[in-house]
Amino acid sequence: MQTLVVVGAQWGDEGKGKIIDFFGNQVDVIIRYQGGHNAGHTVVIDDNKYILHLLPSGILRKDKINIIGNGVVVDPKALLDEIDGLKQKDIHPDNRLYISDRAHVIMPYHKIFDKMSENKKGIKKIGTTGRGIGPTYVDKIARIGIRVGDMLDKDLLYEKISENVREVNEIAAKSFDLPPLSANNIYNEYLEYGKKIKEYVCNTSYLINKLWEEKKKIMFEGAQGTLLDVDHGTYPFVTSSNSTTGGASTGSGLPPTKINGVAGVFKAYTTRVGSGPFPTELNDKIGEQLRDSGMEFGATTGRPRRCGWLDLVACKYAVMVNGINYICLTKLDVLNTLDYIYVCTAYKYKDRIIKEFPSDINVLKEVEPIYKEFKGWKKDISKIRNYNEFPIETKGYLDYIRKELNIDYAIISVGANRKDTLVINEIL
Ligand code: GDP
Ligand code: IMO
Ligand code: MG
């Protein structure tokens, strides 16, 4: 297939970075289409660990083209810091990184509003990453946002920043009792960023379609996960963009008719960072065990991730709304030491059994998972590279997931490293 979307099938941190990096040698172009530096995508190559936030994970492969599409929100300082960090590791994005002039820019006031609105919500807070993501998308939809291209036009930038900061200062004083921000300072800072990122900025919609016409292989890198999607996720405990497959088109300018397939990244259990309902969450020793063995701490904020069993109701929903054709299953090795493993097959709500993922979080909060029990394999599977060598119990777990999701595996991952990977079906 020429064009593949890789999406997270749960609440993020499924191991998308690892999978994108793994597929990276088979494609020419890697595109981020939504989110911003709220993402933390980890890639481990031999003894080197990289955490990418805003740059596509394809940047680590030296001959690949990497694109930040129009659907992404860009914090220019975070971007420049990330580029500098990679340059120090001898990875140079010049001449192969492109940023959409239509992507929206995260401004200092977006970060302030993100944190202030969380504080105001108290126990109802979303638990955002505090990166200013939500308020930036709010301005985009309200049609007052500042776009990457605007940073290259000093008069337009000045006009937009002055207008926005005037409004921002009114709200900041009224709602948050904050001192006013200086439009001039922000302008000077962002004008400098504009000069530094200018070389990367272009109309990426034309670039992407041209690369497609040239028969280049293209991979979209989803950030966050299906259940954090602003439309399809556990609203309002979601991020502010469309992390599902549909976002790949709107966030890049490559139409759906030019997209051929979707790989879903599923963790062999479930994690979530931040607030919101999580039916299979384990607030017990097993949950702690999963957190310890899986090293489940946020790649962006360092927060401990909430852990629980695999939820097939949610996974089937993810297959449906994304049109997932292949499973990339990660972190199977994390289950190595468990005596028993459970998989949620349906929910009990009041006296009813439900198999559809509810749109109402008040229902989701109340559901009781119905579990199927699997005996653990109690062996280290991290060195296995051939499906047939998996213990019978592991195969039982894998076969059940495949049958329930009704799609085949592309990849099974048994360790964080690039080499800890089994290819079950070649899909690119
Ligand atoms: P992403 O946001 O979806 O890219 O995922 P993160 O990088 O935030 O979190 C996934 C974590 O699991 C990272 O620390 C990865 O290095 C690690 N990881 C990925 N695949 C595997 C795997 O198969 N086994 C183990 N043990 N760790 C993995
Ligand atoms: P990757 O791409 C896990 C969560 C936050 C919070 C909610 C809203 O690494 O999988 P935001 O800052 O986006 O407004 O926060 O979304 N969240 C993530 N959780 N992985 C991520 O990214 C996330 N990006 C945002 O914790 O609950
Ligand atoms: Mg992550």
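All of the points below concern the structure found in this document.

Parameters at a glance
Residues numbered from 1 in each chain as written. Chains lettered and ligands numbered in written order. Predicted model: local features only at pLDDT ≥ 70, side-chain atom pairs only at ≥ 80, totals over all residues. Heavy atoms only, no water. Axes fitted to C-alpha atoms, helices over the stretch in contact; angles between N-to-C directions. Helix = DSSP H or I, 4+ residues; strand = E, 2+ residues; numbered from the N terminus. Parallel < 35°, antiparallel > 145°, perpendicular 65-115°, else oblique. Left-handed = near helix turned anticlockwise from the far one by under 90°. Contact = heavy atoms within 4.5 Å. Nonpolar A, V, L, I, M, F, W, Y, C, P; charged D, E, K, R; others polar. Near = heavy atom within 4 Å. Polar contact = N/O pair within 3.5 Å; in protein donor to acceptor, adjacent residues only side chain to side chain. Areas by Shrake-Rupley, 256 points an atom, 1.4 Å probe, with all protein chains shown as cover. 1 Å grid on protein atoms, 1.4 Å probe; cavity = no way out; pocket = protein on both sides within 12 Å on 5 of 7 lines; lining within 4 Å. Sits in = over half its atoms within 2 Å of the grid points. Donors = N, O, S within 2.8 Å, 3.2 Å for Na, K, Ca; no water. Points joined across faces, edges and corners; volume = space filled by probe spheres on them. Phe/Tyr/Trp six-rings, centres within 6.5 Å; stacked < 30°, edge-to-face > 60°. Buried < 20%, exposed > 50% of the residue type's maximum accessible area, 1.4 Å probe, protein only. Pairing = 2+ DSSP bridges. Patch = residues over 30% accessible without salt bridge, like charges linked within 9 Å, V, L, I, M, F, W, Y side chains within 5 Å. Salt bridge = Lys/Arg side-chain N within 4 Å of Asp/Glu carboxyl O. Lys, Arg positive; Asp, Glu negative; His and termini not counted. Charge placed at Lys NZ, Arg CZ, Asp CG, Glu CD.

Now for the packing of helix α10 (residues 312-322) against helix α12 (residues 392-405). The contact between α10 and α12 brings their axes to 10 Å, and the two run at 50°. By the criterion of interaxial angle, the relationship of α10 to α12 is oblique. Read as a crossing pair, α10 and α12 show a hand that is right-handed. Residues Leu-312, Cys-315, Lys-316 and Val-319 of α10 lie in contact with α12, whose contacting residues are Tyr-400, Glu-404 and Leu-405. For the contact of α10 with α12, the class distribution of residues is 5 nonpolar, no polar and 2 charged.

Right, let's get into the site of ligand 1. Around ligand 1 sit 20 residues in total, of which Lys-16, Thr-42, Lys-331, Asp-333 and Ser-413 are the nearest. Gly-15 has a polar backbone atom sitting 2.8 Å from an oxygen atom of ligand 1. Burial of ligand 1 by the protein amounts to 92% of the accessible area it has alone, namely 580 Å². Spatially, ligand 1 is embedded in the second largest pocket. Going through the elements one at a time, α1 (16-24) and β3 (41-45) are the ones with two or more residues in the shell around ligand 1. By residue class, the composition of the shell around ligand 1 is 5 nonpolar, 8 polar and 7 charged.

Six octahedrally arranged donors around a metal ideally form angles of 90 or 180 degrees; four tetrahedrally arranged donors ideally form angles of 109.5 degrees. Bound to the magnesium ion (ligand 3) are the protein donor atoms Asp-13 (OD) and Gly-40 (O), situated 2.0 to 2.2 Å from the metal. Taken together, the positions of Asp-13 in the loop between β1 (3-8) and α1 and Gly-40 in the loop between β2 (29-32) and β3 put the pair 27 residues apart, joining distant regions of the chain.

With that out of the way, let us pick up empty space enclosed by the protein. A full pass over the atoms with the stated rule returns 1 cavity of 30 Å³ or more. When its volume is computed, the largest cavity comes out at roughly 30 Å³. Lining of the largest cavity is provided by Phe-22, Phe-23, Gln-26, Ile-411, Val-423, Asn-425, Glu-426 and Ile-427. Here the residues of the lining of the largest cavity are counted per class, giving 5 nonpolar, 2 polar and 1 charged.

This part covers the packing of aromatic side chains. Applying the stated criterion to the full structure yields 12 aromatic pairs. Where Tyr-33 meets Phe-220, the ring centres are 6.1 Å apart and the plane angle is 75°; that geometry is what we call edge-to-face. Residue Tyr-33 is located in the loop between β2 and β3, and its partner Phe-220 is located in strand β10 (residues 218-221); the two are separated by 187 residues in the primary sequence. Of the two residues, Tyr-33 and Phe-220, both sit in the buried class. Seen from their ring centres, Tyr-158 and Tyr-187 are 5.0 Å apart, and the 85° between their planes marks the pair as edge-to-face. Of this pair, Tyr-158 sits in helix α5 (residues 154-176) while Tyr-187 sits in helix α6 (residues 183-197), and the two are 29 residues apart along the sequence.

Ligand 2 sits among 20 residues. The nearest are Lys-16, His-41, Thr-129, Gln-224 and Thr-239. Measuring from an oxygen atom of ligand 2, one finds a side-chain N or O atom of Asn-38 at 2.9 Å. In the model, an oxygen atom of ligand 2 is placed 2.7 Å from a nitrogen or oxygen of the His-41 side chain. The fraction of the free accessible surface of ligand 2 (550 Å²) that becomes covered by protein chains is 97%.

The subject of this paragraph is the pairing of β10. Going residue by residue along β10, you find Ile-218 and Phe-220 tucked away on one face and Met-219 and Glu-221 tucked away on the opposite face as well. Relative to β10, β1 runs parallel, the two being bridged by 4 bridges. Of the residues in β10, the one forming a bridge with Leu-4 is Met-219. Bridging between β2 and β10 involves 4 bridges; their strand directions are parallel. If you follow Val-29 over to β10, its bridge partner there is Ile-218.

A contiguous patch of negative charge on the surface is contributed by Asp-153, Asp-155, Glu-159, Glu-163, Glu-167 and Glu-170. One can find Glu-167 in helix α5.

Let's shift gears to the environment of Pro-369. With respect to the secondary-structure elements, Pro-369 resides in strand β18 (residues 368-375). With relative accessibility at 21%, the residue Pro-369 sits in the partly exposed group. Separated by 169 residues in the primary sequence, Pro-369 and Tyr-200 place their C-alpha atoms 48 Å from one another. Beyond its immediate sequence surroundings of up to four residues, Pro-369 is in contact with Pro-279, Thr-280, Cys-344, Ala-346 and Tyr-347.

A few words now on the sheet that holds strand β9 (residues 201-202). Taken together, 10 strands build an open sheet; the order of strands is β9-β7-β5-β2-β10-β1-β11-β15-β19-β20 and the sheet is mixed. Only two strands of the sheet have a single partner each, and these edge strands are β9 and β20 (421-423). The pairing of strand β7 (residues 97-100) with β9 spans 2 bridges and is classified as parallel. Counted as the bridge partner of Ile-99 is Val-201 from β9.

Moving on, we get to the layout of surface pockets. The calculated volume of the largest pocket comes to roughly 1100 Å³. What lines the largest pocket is a set of 50 residues, among which Thr-128, Gly-134, Val-238, Thr-239 and Ser-240 lie closest to the centre. Looking at the lining of the largest pocket, the elements with two or more residues in it are α3 (108-121), α4 (133-141) and α5. Counting residues per element, the lining of the largest pocket draws most heavily on α3, at 7 residues. Per-class residue counts for the lining of the largest pocket are 20 nonpolar, 20 polar and 10 charged. Roughly 650 Å³ of internal volume is contained in the second largest pocket. Surrounding the second largest pocket, 27 residues form its lining, Thr-42, Gly-294, Met-295, Lys-331 and Ala-416 being those nearest its centre. Within the residue set of the lining of the second largest pocket, elements represented by two or more residues are α1, β3 and β4 (48-52). Of all the elements, β3 adds the most residues to the lining of the second largest pocket, at 4 residues. Of the residues contributing to the lining of the second largest pocket, the split by class is 8 nonpolar, 11 polar and 8 charged.

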